[in-house]
Structure formats: structure tokens, C-alpha cells
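The chain contents come next:
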Amino acid sequence: MWSKKDLLGIRNLSKEEIQIILELAKEKKAQMQKPLRRKHECVLYNMITLFYENSTRTKMSFTLAGKYLGMQVSDLGVQTSSVNKGESLIDTGFTLDQMGVDVIAIRHSMTGAPHLLAKNMKASVINAGDGTNEHPTQALLDMFTILEKKNQIENLKVAIVGDIAHSRVARSNIFGLTKMGAKVVLGGPPTLVPSSMKSLGAEIAKDIPTAIQEADVIMGLRIQKERQKGGLFPDLREYAHCFGIHKELLALAKPDVLIMHPGPVNRGVELTTEIIDGEHSVIYDQVENGVAIRMAILHLLTEGRKNYENFDQTRIYYRSFYQERRDMRYFNQEWQNSSCTTTNIF
Amino acid sequence: MVPGLIDVHVHLREPGFEYKETIETGSQSAAKGGFTTICCMPNTKPVIDNEIMVEYIKLKAEREACVHVLPIGSITKNQAGEELANIGKMAEVGICGISEDGKSVENAGLMKKAMLYAKMFELPILDHCEDLNLVGGGSMNAGDTAALLGLKGIPVEAEEVMIARDILLAESTGVHLHLCHVSTKGSLDFIRLAKQRGISVSAEVCPHHFALTEEAVDGYDANTKMSPPLRSKEDVEAMKQGLKEGIIDIIATDHAPHHVDEKNCEYEKAANGIVGLETAVPLGITELVEPGILTPMQWVEKMSTNPAKLLNIKKGTLQEDRIADITIIDPKQEYEIDVYSFASKSKNSPFHGRKVRGKVLYTIVDGKIVVDQGELV
Ligand SMILES: [Zn+2]
């Protein structure tokens with residue numbers, strides 16, 4: 001049985017746990033596009049999407065994943081809610097908890113925000129992107145896509161190119177891919193590729209051609225124009241020229257190289273249109289696989305919630321809300337630290 | 001039995017932030033921690049930048065504090081970094097130094113003028129060194145741990161650049177420069193050099209900078225967030241070495257109380273600082289005296305004798321003709337730190353649950369027992 005309460009990052013997942021998710025996602029992918037084959041396995045549970053940063057794509061992916069599993073999915077419109085009146089994150093969490101929510105998918109501009117919620121809430125928390133930290137479901141769908149196309153992750157060379165410093169996608173992928181035995185090479189302007197990334201097990205290439213030399217996979221990352229103001233690169237024109245991936249560069253990589261991008265793409269900046277729409281591109285497979293991966297995660301987490309019943313049975317004895325919360329934090333810690341090791345659970 | 005401990009770096013938060021701490025509760029916290037004299041930083045609301053504010057603090061302290069409270073004035077008006085505060089007027093009614101704590105005076109020209117001016121009144125400058133442009137919105141020490149946790153890092157240069165700048169300015173002006181909460185190996189090298197060159201400098205370290213490394217940030221508990229941030233293992237080792245060598249003269253707490261709501265939130269949003277008055281003695285004994293880094297006498301020098309020298313007050317030694325400020329410590333008593341037992345209004349400490357040795361049994365201020373058997377009278 002799956003035993004983690006939350007999905008906060010790839011950093012605290014074991015290789016076995018990643019394999020379990022990828023395996024189950026295969027099954028989910030076969031169901032998702034065929035309405036008659038969808039099994040409403042999570043029909044008893046509900047989910048709330050809580051997005052403090054806009055991201056139509058990820059939010060929609062979570063929503064549909066939940067719905068394909070039969071879950072009740074609602075969105076807490078951050079812009080129009082009490083959050084806008086200055087309600088703290090923890091108070092929002094408490095409120096949702098008391099209403100009986102089972103799963104929360106949260107996107108937040110600050111690192112560690114999902115961890116704060118997870119510690120304080122009964123609901124299972126999925127990190128849908130926190131600050132400059134992690135975006136675990138994206139990395140899982142990337143790994144799933146690589147596995148699907150290459151049949152392996154181990155020993156592949158994956159080049160991640162662009163704004164590594166601000167990219168939670170890059171960080172989650174570094175954690176995940178290195179755990180799965182791939183070689184990760186980073187490329188980009190030195191102002192956006194901190195040397196401390198080496199301590200996470202990635203290599204830093206001296207320039208873009210070196211990074212994509214003999215690569216099996218090239219991942220482009222979205223460059224945000226705002227970074228220009230911080231003095232991190234001169235402008236998009238120069239960025240595209242010095243760090244963008246175009247057809248001539250692609251010739252350096254393996255002939256069957258995969259081109260990936262978490263989206264949305266700036267056409268002509270990170271990648272040329274020719275490449276985005278070319279034969280190596282799996283960018284749209286990524287979108288489809290995103291739903292499958294999120295279905296797998298929702299399935300596992302809701303199954304893991306059976307753990308919670310152990311705690312819930314004692315609930316009646318609590319005299320106060322705060323007393324209950326204190327014990328719950330301890331319980332959550334134990335739950336989160338437990339790990340799943342058996343692969344054959346289905 | 002040791003001379004009453006002196007803390008040159010305390011935030012009492014009054015006036016303006018009474019929900020975090022008051023002069024009354026802060027002084028009680030000090031007494032429980034074994035301190036008989038504390039210096040309070042001027043970053044209150046309003047800022048302690050004129051003689052009226054100084055008088056107010058002194059009056060309040062006289063009425064409500066159970067230990068001696070010495071106010072520190074700000075360097076610039078409203079700590080805005082634009083015009084000099086009323087340093088002369090404040091000196092007249094009694095401040096023990098000037099400081100912009102919480103930030104640096106960004107304008108080097110103004111800082112130099114402040115130094116020249118302060119020298120005339122024989123006031124030391126208690127210098128918080130931090131270049132905000134280099135901090136760049138970071139919330140923990142830059143390096144491998146920040147990379148692992150996905151938090152934006154504060155490089156060591158953010159501190160060292162200012163330390164170097166102000167040492168040079170102190171050399172040229174001749175003022176006494178006291179460097180607050182030094183936290184990096186590089187800073188120590190500059191201070192060592194300054195001392196060799198005969199510049200009038202002294203330095204302090206906070207207990208958390210020799211008792212915790214940046215690894216404590218894992219888990220995003222905002223009680224590990226402070227300015228300067230917790231540093232690497234090498235920096236922590238350097239702090240201990242600096243204390244041993246005497247490059248660091250003083251241990252000060254940088255007692256910075258914050259309300260639970262300002263800490264139980266997103267890490268990057270959380271307030272900087274931790275309470276320190278009630279953990280300084282056990283941390284010093286456990287981390288410095290017991291492992292033999294400092295002898296008990298050297299530790300007392302850094303907790304009492306040297307602070308008294310910096311402030312130019314007749315304290316810090318046990319002599320017949322002196323005011324009877326005395327602290328009695330049981331260095332062997334072992335216990336777990338419990339933030340809920342603190343007299344401070346705030347409980348923001350990363351040391352909750354840590355096993356330590358060394359308990360303050362009695363604190364005597366002006367011959368009067370204020371802490372008896374570890375409890376406030
Ligand atoms: Zn300071």
C-alpha cells in the first residue's frame with residue numbers, strides 16, 4: 001500500500017516510489033482517453049485546487065485527472081476569496097480541513113508553502129509548484145514521457161537548458177532523473193545556472209553545444225522576460241541567439257533525441273518553431289501524460305488516506321481544535337516519514 | 001558565581017511592537033537568562049533617534065525592568081539612512097552607543113560622517129553589516145543546502161563587503177567599531193587583519209551562529225530564519241576558532257522576539273530573528289566550555305567583562321567597590337530547553353527540545369535577588 005500522506009517533492013521520494021507512480025500512470029493513460037474504460041476509483045474523495053499563481057494548464061490537468069477518477073473537484077479562486085482579504089495560508093488550510101477536503105493541489109510563489117500546509121492539515125497536499133523549489137508532477141510526467149519513448153531512463157544523457165536558477169521544473173527533474181540513473185547536464189547563462197546545482201548531482205556544461213552534445217533528451221525551460229530587469233541577461237534577442245536551441249545545434253545531439261518543454265513555450269526564444277513542431281518534439285505527449293501522472297498520484301494518495309482513519313478514530317476525544325491540531329502535526333510527521341518499498345501492489 | 005552577564009544586543013520591541021515583547025517581559029527574560037545588564041536596539045516604532053525617546057526608554061525601564069537597561073541610539077533619523085540622528089543630544093541623556101541594527105547605513109559617505117561625529121562623544125558604533133543588493137531577496141545562506149531546499153541564497157559577501165568597508169572607515173575616522181553578529185569565516189579574516197593593523201574594532205557572535213548550521217533550515221521551520229542567516233559548517237567552526245583565538249570579543253544574543261503568526265507561515269515571508277536571552281548560557285556552556293573551546297574564565301570574559309569594556313561601564317568583574325550584579329550558574333545541570341517556560345513574550349527559538357547543560361540559578365541585580373532557584377521573584 002502507498003503510505004505517504006503528501007506529494008511535496010521528488011527529493012523525498014525513493015526510486016521505488018517513483019517507479020510505482022510511473023507504472024500506475026501507464027494504466028491510467030490507457031483509461032483517460034476512453035470514457036468507457038475510465039474506472040471511477042476515487043469517487044469517494046474530493047479535491048480542491050488552490051492556485052496562488054496562475055497556471056491554467058496545470059490546474060486544468062489536475063482538475064481533469066480528478067474528474068476522470070470520479071472525484072469531486074472544486075477550485076478555490078484565490079483572486080476572489082478571503083485570501084485576497086489577507087487570510088493567512090494556515091488559516092485557509094484549517095478552514096478547508098474543517099469542511100472535509102481530502103486532497104489539495106497547491107501552487108504558491110513561495111518555497112515551502114505546501115510543506116507548511118502539509119504539516120498543519122489533515123488533507124493530503126500535492127505540490128503543484130512552490131517558489132523556486134519543486135514541481136514534482138511535472139518531473140514525473142517528464143520521466144514518464146522519456147520512459148515511454150526510450151524504454152529506459154538509466155544511462156541517458158538529459159540536457160536541461162535555460163533558467164535553471166528559477167526553475168522548479170529543472171530542480172525536480174534533477175532530483176528525479178539522477179535517482180533513476182540518468183546523467184543530467186545543465187546549460188545556460190552563468191547568471192541563471194548556479195554552481196551549487198552540482199551538489200544535487202547534475203553537471204554544468206561550459207556552453208550550450210557541450211550541454212547537448214550526444215544528448216538523448218533536451219529539455220528547454222521557459223525564460224521569463226522579467227529576469228531581464230534583474231540584470232540576469234541582456235534581452236530576449238541575445239538570449240535566443242546565445243542560448244536558444246535551433247536546427248544546427250540539434251545535429252550535435254543523438255539522432256533520436258527527444259525535445260521537451262514544460263510549456264508555455266516562447267516560440268523563437270528557447271526553441272525555434274521548426275523544432276517545436278518537428279519530428280523530435282514530444283511537447284504534446286507531455287501534456288497528455290501530465291493527466292495520466294496526476295491520475296496515478298491521486299489514486300495513490302487517496303489510497304494512502306486509509307492511514308488517516310487510524311487518526312480519525314481518536315477524534316471524538318478531543319476537547320479543543322488546537323489540541324487536536326497539535327497531535328495531528330505529530331501524526332502527520334510519522335505518516336510522511338513512512339515510505340513505500342514494495343513495487344507489486346496492484 | 002560570575003559577574004552579572006551583559007548582553008549588548010537585545011531587541012525589546014517597545015515602543016511599537018508590544019505584542020512581541022515589552023521592556024518588562026524582555027528584562028524578565030534577561031534576568032532568567034542570567035543577564036543583569038542589557039542594551040536595547042533602536043529599531044522600535046518610533047525609532048530611538050532623539051533624546052525624548054531615550055528618556056522614555058530610561059523612564060520605562062526604571063519603572064518596569066528588573067535588570068539594567070541601556071538604550072542604544074540610531075545612527076540616522078528614523079533609520080532612513082539620510083540624515084544623522086540627534087547623536088549629541090542622545091549622548092547627553094545617556095546612550096551607550098549608536099546602531100542602525102536591522103540594516104546597514106547604505107551610503108558610505110554618511111557612515112563615515114556618523115563615525116566622525118560619534119567619536120567626539122566617545123560612542124562606539126554597533127554595526128549591522130549587510131549589503132541588501134547582494135542579499136537580493138534571499139532567505140537563507142547561499143550554498144549547497146539552499147540548492148537542496150530551493151530557497152534563494154544570501155551569499156557570504158553580503159556581510160563581508162560591509163565589514164570590510166566599515167573597517168576601512170573606522171581606520172580613517174578612529175571611532176570604535178563594534179561588529180555585530182559576525183557569521184562568516186571571511187568576516188573573521190577581515191577582523192583579524194584589522195586588529196593586526198591596530199584599528200579599534202571589536203566583534204560579537206550570537207550563540208545560534210556557533211550552535212547551529214544552515215542544515216537546520218531543512219523542513220522550512222521559520223524559527224531557523226535570521227539575519228545574518230545560519231551559515232555552513234566551516235563558518236560555524238570558524239566562529240569557535242575565532243572565539244578561542246580572541247578575534248571575537250563578545251557573545252551577544254541578538255534577542256529578536258517575534259509573534260508566532262510571524263513565524264508559523266511561509267519561510268520567505270517569515271520575520272528574521274530568534275529569542276536568545278534564555279538560551280545563551282546553556283548554549284555557551286554546552287557548545288564552548290564543555291568541549292574545551294573556551295575556559296570558564298574566557299567564557300565569562302565574553303559574556304560580561306568584554307561587553308562592559310565596550311560600553312565603558314564599571315561592571316563585568318566581581319570587586320568590592322562595584323555594584324552587586326551577580327549571576328550564579330549550575331554548569332552541570334542537564335535539561336531540555338522548553339520555549340514555553342521562557343519569560344519572554346515570544347517563543348521563537350529553534351532550540352526547543354535541545355538537550356543542554358548549564359542552568360542559571362540566581363540573578364542578583366543591584367544586590368537584589370531577581371531570579372531565585374531559576375524562577376523569577
Ligand atoms: Zn542586526
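About the cut-offs
Residues numbered from 1 in each chain as written. Chains lettered and ligands numbered in written order. Predicted model: local features only at pLDDT ≥ 70, side-chain atom pairs only at ≥ 80, totals over all residues. Heavy atoms only, no water. Helix = DSSP H or I, 4+ residues; strand = E, 2+ residues; numbered from the N terminus. Rg over C-alpha atoms; globule rule 2.2 N^0.38 Å. Buried < 20%, exposed > 50% of the residue type's maximum accessible area, 1.4 Å probe, protein only. Contact = heavy atoms within 4.5 Å. Areas by Shrake-Rupley, 256 points an atom, 1.4 Å probe, with all protein chains shown as cover. Lys, Arg positive; Asp, Glu negative; His and termini not counted. Charge placed at Lys NZ, Arg CZ, Asp CG, Glu CD. Expected span 1.5 Å × (residues − 1). Donors = N, O, S within 2.8 Å, 3.2 Å for Na, K, Ca; no water. Buried area = accessible area lost by both parts, 1.4 Å probe. Salt bridge = Lys/Arg side-chain N within 4 Å of Asp/Glu carboxyl O. Polar contact = N/O pair within 3.5 Å; in protein donor to acceptor, adjacent residues only side chain to side chain. Pairing = 2+ DSSP bridges. Right-handed = clockwise from strand over helix to strand, strands pointing away. Phe/Tyr/Trp six-rings, centres within 6.5 Å; stacked < 30°, edge-to-face > 60°. Lys NZ or Arg CZ within 6 Å of the ring centre and 35° of its normal. Core = buried A, V, L, I, M, F, W, Y, C linked by side-chain atoms within 4.5 Å.

## What to know about the overall build of chain B
Each helix and strand counted, chain B has 13 helices and 15 strands in total. A compact globule built from 377 residues would reach a C-alpha radius of gyration of about 21 Å, and chain B, at 19 Å, matches this within 12%. The burial tally for chain B puts 61% of its 377 residues in the buried class. Contacts in chain B between residues far apart in sequence, at least 24 positions, make up 75% of those at least 6 positions apart. Carbon and sulfur atoms provide 51% of the accessible area of chain B, an area that totals close to 14400 Å². Taken as two groups, the 39 positive and 56 negative side-chain charges of chain B have centres that lie 2 Å from each other.

## Notes on helix H1 (residues 15-32) of chain A
Residue and element names in this part refer to chain A. The end-to-end C-alpha distance of H1, which contains 18 residues, comes to 25 Å, matching closely the 26 Å that a straight helix rising 1.5 Å per residue would cover. Within H1, burial applies to Glu17, Ile18, Ile20, Ile21, Leu22, Leu24, Ala25, Lys28, Lys29, Gln31 and Met32. Buried residues along H1 sit against helix H2 (56-68), helix H5 (136-150), helix H6 (168-179) and helix H11 (283-304).

## Here we look at the coordination of the zinc ion
For a metal bound by four donors in tetrahedral geometry, the ideal donor-metal-donor angle is 109.5 degrees, whereas six donors in octahedral geometry ideally sit at 90 or 180 degrees. Residue and element names in this part refer to chain B. Around the zinc ion, the donor atoms from the protein are Asp101 (OD), His128 (ND1) and His181 (NE2), and they sit 2.0 to 2.2 Å away. Here the donor residues of the zinc ion are spaced in sequence according to D-x26-H-x52-H. Residue Asp101 is found in the loop between strand E5 (98-99) and helix H4 (108-120), and its partner His181 is found in the loop between strand E9 (177-179) and helix H8 (185-196); the two are separated by 80 residues along the sequence. Overall, the relative accessible area of 2% leaves His181 in the buried class.

## Section: the interface of chain B and chain A
With 17 residues of chain B in contact, the opposing surface of chain A contributes 19 residues. Between chain B and chain A, the buried area comes to about 1500 Å², and carbon and sulfur atoms account for 53% of it. Broken down residue by residue, the surface that chain B buries against chain A is led by B:Leu148, B:Tyr220 and B:Glu266, which jointly contribute 36%. Our enumeration of links across chain B and chain A arrives at 1 salt bridge. Among the salt bridges present, the one from B:Asp218 reaches A:Arg11, with a minimum N-O distance of 2.6 Å. Applying the counting rule to chain B against chain A returns 9 residue pairs in polar contact (both at pLDDT 80 or more).

## Digging into the pairing of strand E4 (residues 124-130) of chain A
All names here are of chain A. Of all the 7 residues making up E4, 7 are buried; the element is thus mostly covered by neighbouring parts of the structure. As defined by bridge partners, strand E3 (residues 103-108) adjoins E4 across 5 bridges and the pair is classed as parallel. Each bridged residue has a counterpart across the sheet, and for Val103 the counterpart in E4 is Ser124. After leaving E3, the chain enters helix H4 (residues 113-120) and then returns to the sheet as E4, a path that is right-handed.

## Points about the packing of aromatic side chains
Residues and elements named next belong to chain A. All told, the structure shown has 3 aromatic pairs over all chains when counted by the stated rule. Clustering of aromatic rings is evident, with ring pairs tying together Phe233, Tyr239 and Phe243. Seen from the ring of Phe62, Arg294 lies directly overhead, with NZ or CZ sitting 4.9 Å from the centre.

## Details of the nonpolar core
Note on soluble globular proteins: their nonpolar side chains tend to be buried together. Formed by 84 residues in total, the largest nonpolar core has its most connected members in B:Ile38, B:Ile125, B:Ile167, B:Leu179, B:Ile191 and B:Trp299. Considering each element in turn, this core owes the most residues, 6 residues, to helix H12 (residues 280-289) of chain B. Those residues in contact with B:Ile38 that lie beyond four places of it in its chain are B:Asp7, B:Val10, B:Leu12, B:Gly26, B:Ser27, B:Ala30, B:Val67, B:His68, B:Val69, B:Leu70 and B:Leu277. Counting residues in hydrophobic clusters, the runner-up holds 65 residues, among them A:Leu13, A:Ala105, A:Leu186 and A:Leu221.

## Structural notes on unusual backbone geometry
Residues and elements named next belong to chain B. Between Glu14 and Pro15 the backbone carries a cis peptide bond, its omega angle lying at 0 degrees. Along the chain, Pro15 turns up in the loop between strand E2 (5-10) and helix H1 (23-32). Looking along the chain, the bond that leaves Lys45 and enters Pro46 is cis, with omega of 0 degrees. For Arg13, which is not glycine, the phi dihedral falls at a positive 70 degrees. Here Arg13 shows up in the loop between E2 and H1. Not every positive phi belongs to a glycine, and Asp366 is a case in point at roughly 55 degrees. The exposure class assigned to Asp366 is partly exposed, which follows from its relative accessible area of 49%.

Remember, this is a structural readout, not a statement about activity or role.
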